[in-house]
Amino acid sequence: MPPGMGGPMGRNSYMTDEEKAKVPKITRSLLNRVFSYLKPYRLQLILSVLLIALSSSLSTMPSILTGKIIDEGLIKKDLNSLIFYILMSFGLTLGASLIGVAQSFINTWIAQHTTYDMRNQMFRHLQMMSQRFFTSNNQGDIITRMTSDIDGVERVITNTFSSILSNSITLIVALVAMYQRNWVLATLGIIIVPLFAIPTRKAGETRWTLTQEAQAKNDEINGILNETLSVSGQLLVKLFGKEKYEYRRYRRANRKMIKLNIKQNMAGRWFFVVISTFTNIGPMLLYLAGGILMMKYDSELTVGDISVMVALLTRMYGPVNSLLNVQVDWMRSMALFSRIFEYLDMKPEIEEPENPVRIEDPKGNIVFDNVSFYYDPERMILKNISFELKPGKSIAIVGPSGSGKSTIINLIPRLYDVVGGTVTFDGVNVKDIELGQLRDQVGIVSQETYLFNGTIRDNLLYAKEDATDEEMIEACRKANIYDFISTQENGLDTVVGNRGLKLSGGEKQRISIARILLKNPTVFIFDEATSALDSISENRIQEAIDPIIKSKTSILIAHRLSTILAADEILVIKDGCIAERGSHKELVKAGGVYQELYETQFEKNAD
Ligand code: ATP
């Protein structure tokens, strides 16, 4: 890798404007916080610093020994000295490399342990975040912070920190050694190195900008290919007769790509010309100055001394370059840290009450008293919702799509907190009940059933860790899924696939019903799926739910007449308010929203 390209973080040493915008203000507290992660490993850190110092000093020694090899061995024609210094040089190089191995082990160890702590802390924190956090943040962004941002931090600890240290030490040792020999040549060296490093950096930057442009063009071309060569894309192209248009679009992008590629390749050539010229000019200048000094002014300066100077000068190029890039690496690392801290600093919206109440012998009496709620203050979702669910009874919630039905049930296990009014469980405000107990008492079968990748057994045990096979089979029987399971070769150990994709929608629903039965909460909540299932599947689910509705305290968001009829009371929600309530007969007779829904929707869905 040519110097100047790619910093110690393994990424480029130049920042995009987007990256520059993300650089946080580097404050003392940010630094303290970053270093607090390293604190538990301070002993290892000290050891690592010592090893880095040792290894980089030792690795500079062979360059210094070149002087001895030339002066004592070659010029004096002393074979013993020659062999001695060569062997010594070899030994020192080997020693430095071995210490380097030990040091990189310790560094990796520190980095792994630090990021292990950070990952765990982040995961635990994210688990506590409220539902709103997950609905309002992009899932990709959450995963990126957990994975590549923390990986970045790992690279910072393994590479950036140690590279700053080892490069600085190499430079210091080289400079001290140069000044000890001859201050004039040493000062010349100090002037030459940046003369080489700065143009190299400039050339690298130009090349990098071109690479960025080429990358963007490439993405554009790939976009065109993806859009037009996919099955549905091609269909659209054909149906709209856009073949020529697409061809022209592709050709245009392709032509721009050629120009960029040529420019980029040529910049590469210039880049290497610049590097090799400057790399060679430096030593030549030193030979010239050293030669003049030796011949005209300083008879004590030896050929060996001049060779040492040249050897040390070339050794300084790499470290100087890396140190010039350090600022970018440093800023990038701080941006990573602050992205991670940004999440860690978010307070979970729903928290355990300060003095949590534990309900002895829960009954499942739920009362909504004048509840109002919004996700976003601009738009009220629920207004003045009041109802009571008595133990052993069931309520069906019906209403047009988007009227706020799912929102009502989300307030019971405190996935969100009410904005106004109260929700009580057995007479206690849900905000005061121990969160774990509250959620244990409420079992929700949601519209979108989610199964973890694993077996049916794994998914069932999620509800009750110590469930026996008999209990699981019993639950599956009640949920009407056991005949399916028993026909599977592996029975309960059948793999459900990623998110349960190997099962049909109806099967997934019934497994999630079995899961809730195993959990055996005080209150059952069903958010009936609106998505179409065939009527046999629907019936099987219906057969599983009906007995639960009849015998347990339950709330169901219903779209089908038969489910609605099984409930003791019906609440009709419209625009976030309870528009009507009563029994099926009463509501049909009233001739309002319910009757309309009945005619347009329920009758159609009736068995
Ligand atoms: P459906 O029968 O279609 O499931 P619903 O009656 O259950 O609808 P809700 O899911 O409660 O309706 O949604 C009520 C309103 O709140 C909708 O307008 C929806 O767009 C909005 N909403 C739902 N979830 C969120 C959220 N997480 N953030 C912001 N708005 C939301």
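Residues numbered from 1 in each chain as written. Predicted model: local features only at pLDDT ≥ 70, side-chain atom pairs only at ≥ 80, totals over all residues. Heavy atoms only, no water.

Visitor: Any chance you could explain the overall build of the protein here in plain terms?
Guide: Of regular secondary structure, the protein possesses 20 helices and 10 strands. For the protein, the C-alpha radius of gyration of 36 Å lies well beyond 25 Å, the compact-globule estimate for 607 residues. Its C-alpha atoms give the protein principal-axis dimensions of roughly 120 × 65 × 55 Å. Counting all 607 residues of the protein, 45% fall into the buried class. Within the protein, contacts between residues separated by at least 24 positions form 76% of all contacts whose residues are at least 6 apart in sequence. If you sum the accessible surface of the protein, you get close to 31,900 Å²; carbon and sulfur atoms cover 57% of it. Charged side chains of the protein number 67 positive and 66 negative; the gap between the two group centres comes to 9 Å. (Helix = DSSP H or I, 4+ residues; strand = E, 2+ residues; numbered from the N terminus. Rg over C-alpha atoms; globule rule 2.2 N^0.38 Å. Buried < 20%, exposed > 50% of the residue type's maximum accessible area, 1.4 Å probe, protein only. Contact = heavy atoms within 4.5 Å. Areas by Shrake-Rupley, 256 points an atom, 1.4 Å probe, with all protein chains shown as cover. Lys, Arg positive; Asp, Glu negative; His and termini not counted. Charge placed at Lys NZ, Arg CZ, Asp CG, Glu CD.)

Visitor: Help me understand the pattern of salt bridges, please; the structure alone is not making it clear to me.
Guide: Close approach of charged atoms lets side chains of opposite charge pair. Throughout the structure, instances matching the rule amount to 20 salt bridges. With a shortest N-O distance of 3.4 Å, D141 and R339 are connected by a salt bridge. With a gap of 198 residues between them, D141 in helix α6 (residues 139–181) and R339 in helix α10 (residues 303–344) connect regions that are remote in the sequence. Across the pair D305 and R181 runs a salt bridge, and its minimum N-O distance is 3.3 Å. On the criterion of sequence distance, the pair formed by D305 in helix α10 and R181 in helix α6 is long-range, its members being 124 residues apart. For R181, a relative accessible area of 28% puts it in the partly exposed group. It is possible to trace a salt-bridge network through shared partners that takes in D141, R145, D149, R339 and E342. (Salt bridge = Lys/Arg side-chain N within 4 Å of Asp/Glu carboxyl O.)

Visitor: In this structure, what is going on with helix α16 (residues 505–519)? I would like to understand it.
Guide: Residues spaced three or four apart along an α-helix point in a common direction, a consequence of the helix completing one turn every 3.6 residues. The terminal C-alpha atoms of α16, which comprises 15 residues, lie 21 Å apart, in line with the 21 Å expected from a rise of 1.5 Å per residue. Burial runs high along α16: 13 of the 15 residues are buried. Once α16 ends, the next one or two residues include N520, with phi positive near 50 degrees. (Expected span 1.5 Å × (residues − 1).)

Visitor: Would you mind showing me how to read the environment of V328 here?
Guide: The residue V328 is located in helix α10 in this model. Considered as a pair, V328 and I409 are 81 residues apart in the sequence and their alpha carbons are 50 Å apart.

Visitor: Honestly, helix α7 (residues 183–229) in this entry has me stumped. Any pointers?
Guide: Given a rise of 1.5 Å per residue, 47 residues ought to cover 69 Å, and the 68 Å separating the end C-alpha atoms of α7 matches this to within 8%. The N-cap residue of α7 is N182: its side-chain oxygen and the backbone nitrogen of V184 are 2.9 Å apart. (Polar contact = N/O pair within 3.5 Å; in protein donor to acceptor, adjacent residues only side chain to side chain.)

Visitor: I'm lost on the site of the ligand in this one. Help?
Guide: Within the structure, the ligand sits among 15 residues, and R379, S401, K405, S406 and T407 are positioned closest to it. Taking K405, its side chain carries an N or O atom lying 2.8 Å from an oxygen atom of the ligand. About the coverage of the ligand: the protein hides 69% of its 640 Å² of free accessible area. Among the secondary structure elements, those contributing two or more residues to the shell around the ligand are β2 (379–389) and α11 (405–410). Residue contributions to the shell around the ligand peak at 3 residues, all from α11. Here the shell around the ligand is built from residues that sort into 4 nonpolar, 9 polar and 2 charged. (Near = heavy atom within 4 Å. Nonpolar A, V, L, I, M, F, W, Y, C, P; charged D, E, K, R; others polar.)

Visitor: Before we go on, may I ask you to explain the pairing of strand β3 (residues 394–398) in this structure?
Guide: Residues in a regular strand project their side chains so that they alternate between the two faces of the sheet. Among the 5 residues that make up β3, 5 are buried, leaving the element largely enclosed by the rest of the structure. Residues S394, A396 and V398 point to one face of β3 and I395 and I397 to the other, with burial holding for every one of them. Strand direction decides the pairing type here: β3 and strand β9 (residues 569–574), joined by 4 bridges, are parallel. Across the sheet, the residue bridging to I397 is L571, located in β9. (Pairing = 2+ DSSP bridges.)

Visitor: What is the right way to read the packing of helix α3 (residues 42–75) against α10 from this model?
Guide: Helix packing for two helices is described by the angle between their axes and how far apart those axes are. At a minimum axis distance of 8 Å, the contact between α3 and α10 shows a crossing angle of 160 degrees. Judged on the interaxial angle alone, α10 and α3 are roughly antiparallel. Here α3 runs over α10; the crossing is right-handed. For the pair α3 and α10, contact is made by S59, T60, S63, I64, T66, G67, I70, D71 and I75 and by V303, G304, D305, S307, V308, A311, L312 and R315, respectively. The residue inventory of the contact of α3 with α10, partitioned by class, reads 7 nonpolar, 7 polar and 3 charged. (Axes fitted to C-alpha atoms, helices over the stretch in contact; angles between N-to-C directions. Parallel < 35°, antiparallel > 145°, perpendicular 65-115°, else oblique. Left-handed = near helix turned anticlockwise from the far one by under 90°.)

Visitor: Explanation requested: the packing of helix α9 (residues 243–297) against α10 in the structure shown.
Guide: At a minimum axis separation of 10 Å, α9 and α10 run at an interaxial angle of 155 degrees. In terms of axis orientation, α9 runs roughly antiparallel to α10. For the crossing formed where α9 meets α10, the hand is right-handed. Here F278, T279, G282, P283, L286, Y287, G290, G291 and M294 of α9 lie close against α10, whose contacting residues are V303, I306, M309, V310, L313, T314 and Y317.

Visitor: Honestly, a positive patch on the surface in this entry has me stumped. Any pointers?
Guide: On the surface, a cluster of positive charge is made up of K242, K244, R248, R251, R252, R255, K256 and K259. Within the fold, K256 resides in helix α9. K256 gets classed as partly exposed once you look at its relative accessible area, which sits at 47%. (Patch = residues over 30% accessible without salt bridge, like charges linked within 9 Å, V, L, I, M, F, W, Y side chains within 5 Å.)

Visitor: How should I be thinking about the nonpolar core in this particular structure?
Guide: Across soluble globular proteins, nonpolar side chains have a tendency to be buried as a group. In this structure, L460, I513 and Y594 are the most contacted members of the largest nonpolar core, which totals 43 residues. The biggest single contributor to this core is α16, with 6 residues. A domain split of this core shows at least three residues from each of domain 2 (355–441 + 523–534 + 552–607) and domain 3 (447–520). Leave out the neighbours within four places in its chain, and L460 touches M472, C476, L492, I511, A514, R515 and L518. Listed in part, the 32 residues of the second largest apolar core include I366, I385, I409 and L438. (Core = buried A, V, L, I, M, F, W, Y, C linked by side-chain atoms within 4.5 Å. Domains from an automatic or database assignment.)

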